[in-house]
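# Analysis of the macromolecular model
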Amino acid sequence: MSQLLAKTENPYRPVRAKIVDLRDLTPETRLFQVKLVDPKAARDFDYRPGQFCQISALGTGEAPISISSSPTRPGLLEFCIRRVGRTTSALHRLNPNDEVGIRGPYGNGFPVDYMEGKDVLIVAGGVGLAPVRSLLLYILDNRDQFRSVTLLYGARSLEDMLFREELKTLERHPDLNILLTLDSGDTRLWPFRTGLVTSLFEEITVAPKTVAAVCVPPVAYKFVTKGLLDKGISGEDIFMSLERKMHCGIGKCGCCAVGSKYCCQDGPVFTYWDALNLPDMI
Amino acid sequence: MKTVVLPRENLEPFLGRIARGHDLIVPKKTGNDVVFDYYQEGCQIALEYRRTLLPPKKFFLPPEEVLFRYKKGQGFTEPEPEVGRRVFFGLHPCDIHALKRLDYVFLEGYVDTYYRRRRERTLIIGLSCLPDDKCFCHSMGTDLVSDGFDLFFTDLGEVYLVEVGSTSGNDLVLTHRDLVSEVVDEAILKEYKTFISTRSDLFVQTLDTSGLSKILTLEWESPFWEKVAQDCLACGRCSMSCPTCYCFSIYDQVNLDSISGERSRSWTSCLYKDYALVAGGHNFRPSRGARLRQRLMHKHKDFFEQQGVSACVGCGRCQANCPAGIDFCQVLTSLRGDISESAVG
Ligand SMILES: Cc1cc2nc3c(=O)[nH]c(=O)nc-3n(C[C@H](O)[C@H](O)[C@H](O)COP(=O)(O)OP(=O)(O)OC[C@H]3O[C@@H](n4cnc5c(N)ncnc54)[C@H](O)[C@@H]3O)c2cc1C
Ligand code: FES
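Residues numbered from 1 in each chain as written. Chains lettered and ligands numbered in written order. Predicted model: local features only at pLDDT ≥ 70, side-chain atom pairs only at ≥ 80, totals over all residues. Heavy atoms only, no water.

## Some words on the overall build of chain B
Broken down by element type, chain B carries 12 helices and 13 strands. For 345 residues, the compact-globule estimate of 2.2 N^0.38 gives 20 Å, and chain B sits close to it at 22 Å. The principal-axis extent of the C-alpha atoms belonging to chain B is close to 65 × 60 × 40 Å. Evaluated residue by residue, chain B yields a buried proportion of 55% over its 345 residues. Taking the contacts inside chain B whose residues are at least 6 apart along the sequence as the reference set, 72% of them involve residues at least 24 apart. Accessible surface, chain B: about 15100 Å² in total, of which carbon and sulfur atoms supply 51%. If the 42 positive side-chain charges of chain B are averaged to one point and the 46 negative ones to another, these points end up 4 Å apart. (Helix = DSSP H or I, 4+ residues; strand = E, 2+ residues; numbered from the N terminus. Rg over C-alpha atoms; globule rule 2.2 N^0.38 Å. Buried < 20%, exposed > 50% of the residue type's maximum accessible area, 1.4 Å probe, protein only. Contact = heavy atoms within 4.5 Å. Areas by Shrake-Rupley, 256 points an atom, 1.4 Å probe, with all protein chains shown as cover. Lys, Arg positive; Asp, Glu negative; His and termini not counted. Charge placed at Lys NZ, Arg CZ, Asp CG, Glu CD.)

Written as structure tokens, this is what we have:
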């Protein structure tokens, strides 16, 4: 993995990046397309789906944000940022050509090599689509390496659904099975399903060698993992991207500790087996 | 290990001379307390102190420090690093062990630039001690120390037995060779043995650490945590005074010109309510019991699982500083079931 900085350099120093484009995905979530200012850094930046960066809004602070783009499409980095507090609001006040600071990529990411040759089931809820979109695009760009690919994605309402247009296009993709659902909503405008994302489990059959990638709100992990286990997926093959409070992103500040693991370094992707061993993980 | 002898009356000249070429940090008496502070001529060095208010960590990971100054369009620049050699005199074995624990955190994996610089410019001179009723380093295996110092002074009354732990330590001794003697005779050896055995008889507080990490794992769900936490004020003083608590948070401050500012970090505590709070108001440890448990679990189980040693070095500061008088050793002992639960708090 090529880090932005060599290990001997100050690991807290963000590098400069320019906002190339901004697009609203939902009323609270905006897609940031950014480019590293240093051309060499931009060229060398490599990452794995599921990794994250620390993004700085100058004068406000840093927030850990998953990389939503795929390393198979180099050049621009994409981040979906939901406005929830100080830093994310400051980021939302920025315009194209403004600068942000970036550190990373951090964390383990999804084990794409391990997923090769297997059936892949992706489960996402709300803004949880952000990290798994990277995985989805990565798989699409290496489609022959994977067996069947299914995405189950749920959002509260139509306007809370990330990448609606992109998903509608992908839905017609012959090599992808995409099931979308809204917690509730007007079904006339909505050609897909209503109900929680777990209700989609009834509609799918799971092949024996399936691996699952999950990113849902913290409260939903218990239900989603139970559903996946009931479908016969092994606990070791359920990969969950978890959220914790993070400050440093590099295993120093202690804030993201879950038992003997650091979410920022050992995670953010953990298996269900890890969760069984580490109390309070999900 | 090379060992020399420093007559007691030569200690002050020794430190005084060191202070001329280095920034010297010493345990100083202030009122009823002893604190680690920079040496000034004529200041009262506490040679027989029990424990300082704050541990040595503040000289390596300050309570608050600027990481970067930034300016719009120019990115982040580090503040000028502090320079010059420091000599830190008077660390007890527990505090030296604690620094070694901090080294695991800050020097392994990503190297923390700020911590490393301070660590590299500081020589450590250890000092022997006698326990009070809150010390339990002998239970944690940290009552003696065989590395992690440049010099270590054992107080034998008339003389200090000085262990030389590094070439830098050796250089100090050689520079001031007129103050030390290379002869460690039978009498001094006997004094040393007597000191060791007398000292180990003085411990009152104990903690049975056998299988502690496993017992803690099994007691995760125990209602006992919430019960103890009823007394806990969640003030974080145990963390601030702990020589191995290293958690910090990072934050920005803007200057009045609104285009420049600082990024800093400061100590935090897992006892604080918003420590594990994430977006959407979800708190991973909403109750005081869960947070108290986190602190003890991290010390005695999680760190142990990561590094093979406990993060607790038995210095007794958490108990000495807890405004609610929580006796953490007794909490852990109760979980083991050795004494009745009502004996706590
Ligand atoms: C690995 C990882 C990946 C992530 N990826 C993404 C991503 O791709 N997109 C994304 O949008 N987010 C992502 N997040 C979440 C994101 O990091 C947080 O939303 C962000 O850090 C919030 O920062 P802030 O300064 O805007 O909010 P803060 O100002 O810190 O507040 C955050 C929230 O905490 C709550 N809060 C804060 N203080 C209090 C208080 N005193 N009492 C009650 N509630 C309080 C509020 O509800 C607020 O909404 C990710 C997190 C992690 C750990
Ligand atoms: S965020 Fe600092 S240790 Fe993980």
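## Digging into the overall build of chain A
The helix and strand inventory of chain A stands at seven helices and 15 strands. Against the compact-globule benchmark of 19 Å for 282 residues, chain A has a radius of gyration of 18 Å, which places it among compact chains. Dimensions of chain A, computed from C-alpha atoms along their principal axes, come out at roughly 50 × 45 × 35 Å. Burial status across chain A gives 59% buried among its 282 residues. The long-range fraction of contacts in chain A, counting pairs at least 24 apart against all pairs at least 6 apart in sequence, stands at 68%.

## Some points on the interface of chain A and chain B
The accessible area lost on association of the parts is a frequent measure of interface size. Counting from both sides, the interface comprises 40 residues of chain A and, opposite them, 44 residues of chain B. Both faces combined, the contact of chain A with chain B buries some 3700 Å², and carbon together with sulfur accounts for 55% of it. Taken as a group, Tyr12, Leu58 and Lys252 of chain A account for 18% of the area that chain A buries against chain B, more than any other trio of residues on that side. Remark: the boundary between chain A and chain B carries two salt bridges. (Buried area = accessible area lost by both parts, 1.4 Å probe. Salt bridge = Lys/Arg side-chain N within 4 Å of Asp/Glu carboxyl O.)

## Things to note about the environment of glutamate 108 of chain B
Counting through the fold element by element, glutamate 108 of chain B comes out in the loop between helix H2 (93-107) and helix H3 (113-120). Glutamate 108 of chain B sits in the partly exposed class, given a relative accessible area of 42%. Counting along the chain gives 146 residues from glutamate 108 of chain B to valine 254 of chain B, while the straight-line C-alpha distance between them is 32 Å. Each residue touching glutamate 108 of chain B, except ones within four places of it in the same chain, is listed here: Lys252 of chain A together with Asp103 and Gln307 of chain B.

## Some details on the nonpolar core
In terms of nonpolar packing, the biggest core is built from 164 residues, with Val123, Tyr153, Val214 and Leu228 of chain A together with Phe89 and Phe153 of chain B touching the most fellow members. A total of nine residues in this core trace back to one element, the largest contributor, which is helix H4 (residues 129-141) of chain A. Excluding its chain neighbours within four sequence positions, the residues that come into contact with leucine 228 of chain A are Leu121, Val123, Phe201, Ala212, Val214, Ile233 and Ile238 of chain A. (Core = buried A, V, L, I, M, F, W, Y, C linked by side-chain atoms within 4.5 Å.)

## Observations regarding the confidence of the model for chain A
Residues and elements named next belong to chain A. Looking at chain A, the pLDDT average stands at 90 and 95% of residues meet or exceed 70. The weakest mean pLDDT in chain A belongs to strand S10 (residues 193-194) at 82; the strongest belongs to strand S5 (residues 77-82) at 97. This stretch, residues 1-6, has a pLDDT under 50; its non-local contacts, to residues over four places away or in other chains, come to 23 contacts. (pLDDT = per-residue confidence, 0-100.)

## Some thoughts on the packing of helix H10 (residues 288-307) of chain B against helix H12 (residues 328-336) of chain B
Residues and elements named next belong to chain B. At a closest axis distance of 12 Å, the pairing of H10 and H12 adopts a crossing angle of 85°. When the interaxial angle is binned, H10 and H12 end up roughly perpendicular. Facing Leu292, Arg295, Leu296 and His300 of H10, the residues of H12 in contact are Phe328, Val331 and Leu332. Here the residues of the contact of H10 with H12 are counted per class, giving five nonpolar, one polar and one charged. (Axes fitted to C-alpha atoms, helices over the stretch in contact; angles between N-to-C directions. Parallel < 35°, antiparallel > 145°, perpendicular 65-115°, else oblique. Nonpolar A, V, L, I, M, F, W, Y, C, P; charged D, E, K, R; others polar.)

## Overview of the site of ligand 1
The environment of ligand 1 is made up of 23 residues, and the closest members are Pro64, Cys80, Arg82, Val84 and Thr88 of chain A. With respect to ligand 1, the chains having nearby residues are chains A and B. Within the side chain of serine 66 of chain A, one N or O atom sits 3.0 Å away from a nitrogen atom of ligand 1. At 3.3 Å from an oxygen atom of ligand 1 is found a main-chain nitrogen or oxygen belonging to glycine 85 of chain A. In the complex, 71% of the free accessible area of ligand 1, which totals 990 Å², lies under the protein chains. Looking at the shell around ligand 1, the elements that each hand over two or more residues are strand S4 (61-66), S5 and helix H2 (86-92) of chain A together with strand S12 (277-278) of chain B. Take the shell around ligand 1: its biggest share by element is four residues, from S4 of chain A. Residues of the shell around ligand 1, tallied by class, amount to 13 nonpolar, six polar and four charged. (Near = heavy atom within 4 Å. Polar contact = N/O pair within 3.5 Å; in protein donor to acceptor, adjacent residues only side chain to side chain.)

## Description of unusual backbone geometry
All names here are of chain A. For the bond running from glycine 104 to proline 105, omega is 0°, close enough to zero to count as cis. Along the chain, proline 105 turns up in strand S6 (residues 99-106). Each neighbour pair has its own omega, and for glycine 267 with proline 268 the value is 10°, a cis peptide bond. Secondary-structure assignment places proline 268 in the loop between strand S14 (261-262) and strand S15 (269-271).

## A few points about the pairing of strand S11 (residues 260-267) of chain B
Residue and element names in this part refer to chain B. Most of S11 sits inside the fold, with seven of its eight residues counted as buried. Pairing between strand S4 (residues 64-71) and S11: seven bridges, direction antiparallel. Looking at S11, one finds that tyrosine 70 is bridged to glycine 261. As paired strands, strand S10 (residues 248-254) and S11 are joined by seven bridges and run antiparallel to one another. Each residue of the ladder has a partner; that of aspartate 252, found in S11, is arginine 263. Between S10 and S11, which pair antiparallel one after the other, the connecting turn spans five residues, and serine 258 there sits at a positive phi close to 60°. (Pairing = 2+ DSSP bridges.)

## Focus on the side chain of arginine 133 of chain A
Considering the arrangement of structural elements, one finds arginine 133 of chain A in helix H4. Sequence-distant contacts of arginine 133 of chain A, defined by excluding residues within four places in its chain, comprise Ser68, Ser69, Glu78, Phe163 and Glu166 of chain A.

## Some points on the pairing of strand S2 (residues 23-30) of chain B
All names here are of chain B. Note that S2 and strand S6 (residues 86-91) share three bridges and pair parallel. When the sheet's bridge partners are listed, leucine 24 is paired in S6 with valine 87. As defined by bridge partners, S2 adjoins strand S3 (residues 33-38) across six bridges and the pair is classed as antiparallel. Paired with valine 26 across the bridge in S3 is aspartate 37.

## Comments concerning the side chain of glutamate 78 of chain A
Counting through the fold element by element, glutamate 78 of chain A comes out in strand S5. Polar side-chain contacts of glutamate 78 of chain A include one of 2.9 Å to the side chain of arginine 133 of chain A.

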